[in-house]
Amino acid sequence: LFSSRFHADKWPAIWKVWQCVEQCMMQSNTVHMLWIGLDLGKESEQLRALIKKSKFRGQHHTLPFQSRTQLSMYYQSADIILFPQASISCQEAMGTGAYVYTIADPALNHLKTMYKRLLLVDVEDWGRYLNTLIESDELLDYDARLACAHDVHNHLSYPYLVQEAFKQLALNLSNTRHFE
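Residues numbered from 1 in each chain as written. Predicted model: local features only at pLDDT ≥ 70, side-chain atom pairs only at ≥ 80, totals over all residues. Heavy atoms only, no water.

J.: Provide a residue-level description of the overall build of the chain, including the pertinent values.
T.: A count of helical and extended segments in the chain gives eight helices and six strands. Shown N-terminal to C-terminal, the secondary structure of the chain runs as helices and strands in the order β-α-β-α-β-α-β-α-β-α-β-α-α-α. For the chain, the C-alpha atoms occupy an extent of roughly 70 × 35 × 30 Å along the three principal directions. Burial analysis of the chain (180 residues in total) assigns 41% to the buried set. Carbon and sulfur atoms make up 56% of the accessible area of the chain, which amounts to about 10800 Å² in all. Taking the average location of the 17 positive side-chain charges in the chain and that of its 19 negative ones, the two points are 5 Å from each other. (Helix = DSSP H or I, 4+ residues; strand = E, 2+ residues; numbered from the N terminus. Buried < 20%, exposed > 50% of the residue type's maximum accessible area, 1.4 Å probe, protein only. Areas by Shrake-Rupley, 256 points an atom, 1.4 Å probe, with all protein chains shown as cover. Lys, Arg positive; Asp, Glu negative; His and termini not counted. Charge placed at Lys NZ, Arg CZ, Asp CG, Glu CD.)

J.: Now, about the pattern of salt bridges: what can you tell me, with residues and values included?
T.: For the structure shown, the criterion picks out four salt bridges. Two residues, glutamate 124 and lysine 16, come together in a salt bridge whose shortest N-O distance is 3.1 Å. Of the two residues, glutamate 124 sits in the loop between strand 6 (118-120) and helix 6 (126-135) while lysine 16 sits in helix 1 (residues 11-27), which places them 108 residues apart along the sequence. By relative accessible area, which is 53% here, glutamate 124 ends up exposed. Residue classification places lysine 16 among the partly exposed positions, given a relative accessible area of 35%. Here arginine 48 and glutamate 45 are joined by a salt bridge, their closest N and O atoms 2.8 Å apart. Residue arginine 48 and its partner glutamate 45 are located together in helix 2 (residues 42-53), separated by three residues, close to a single helical turn. (Salt bridge = Lys/Arg side-chain N within 4 Å of Asp/Glu carboxyl O.)

J.: Outline the layout of surface pockets, listing residues and values.
T.: Considering only enclosed or pocket space, the largest pocket measures out at about 450 Å³ in volume. In terms of lining residues, the largest pocket is bounded by 20 residues, among which Val31, His32, Asp79, Ile80 and Leu139 are the most central. Breaking the lining of the largest pocket down by element, the ones donating at least two residues are helix 1, strand 2 (33-38), strand 4 (80-83) and helix 6. Of the residues in the lining of the largest pocket, the class split is 14 nonpolar, four polar and two charged. Lining the second largest pocket are 17 residues; nearest its centre among them are Ser3, Ser4, Lys10, Phe83 and Ser87. (1 Å grid on protein atoms, 1.4 Å probe; cavity = no way out; pocket = protein on both sides within 12 Å on 5 of 7 lines; lining within 4 Å. Points joined across faces, edges and corners; volume = space filled by probe spheres on them. Nonpolar A, V, L, I, M, F, W, Y, C, P; charged D, E, K, R; others polar.)

J.: So what's going on with the environment of methionine 94? Which residues, and what values?
T.: Mapping methionine 94 onto the fold places it in helix 4 (residues 89-94). When its relative accessible area of 0% is taken as the criterion, methionine 94 is described as buried. Leave out the neighbours within four places in its chain, and methionine 94 touches Val100, Leu111, Met114, Tyr115, Leu118, Ala149, Val152 and Leu156. (Contact = heavy atoms within 4.5 Å.)

J.: If you had to explain a nonpolar patch on the surface to someone new, which residues and values would you point to?
T.: A cluster of nonpolar side chains, contributed by Phe166, Leu169 and Leu173, occupies part of the molecular surface with about 320 Å² of accessible area. As for its position among the elements, leucine 169 is in helix 8 (residues 158-174). (Patch = residues over 30% accessible without salt bridge, like charges linked within 9 Å, V, L, I, M, F, W, Y side chains within 5 Å.)

Structure below.
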C-alpha cells in the first residue's frame, strides 16, 4: 500500500516506488499494489498511464484520497505499507502490525528500536527486501503481526511517551552541572 497526495514535489518518490513495485511484480504474481490519493492532477494521470501500460496492470489498484478513518481501514488490510518520504503516518501504520518500509532518516531512527517490522533504507534498496519478504512465510504469520501491533501500541501510547520524556528530562537534569 502507498498513500500520498499526488503532487509534483512528490513525483520523484512516487516514481521510485513504482519502479520497486514493478520489480517485485516481476518476481511474484501474488503481489498487488494499492495506490491511495489519486486525483485529477497531472501526477495522478501519469501514474494511471504507467498502470495502463504495465503488464501487471491487473495487480495495481487505485483509490482517491481517503479520510483518516478510511485510510486506517486500508492500513489494517495491508501486509506492507510504503513511505518513500519521512512521515508521521508511518507510526499509525506501525500500529497495524504490518511491515512498514520508509527511508533511512535519522528523525525516524527511534522507531526502529520499538518496531521490528520497520525497515529504514533507501527506496532503491526496497526491492531486494520486499522480494525476500514476499518469498518467505512471514506475511502469513498473523500471530506475529498481532504481537507487533500490541508491542508498538505500548510504546506509542501517550502515557508511555510522557513517562519516557520525564525519564529523559531527569537524566538530563542529573547530568547538568549547577553553578553557584
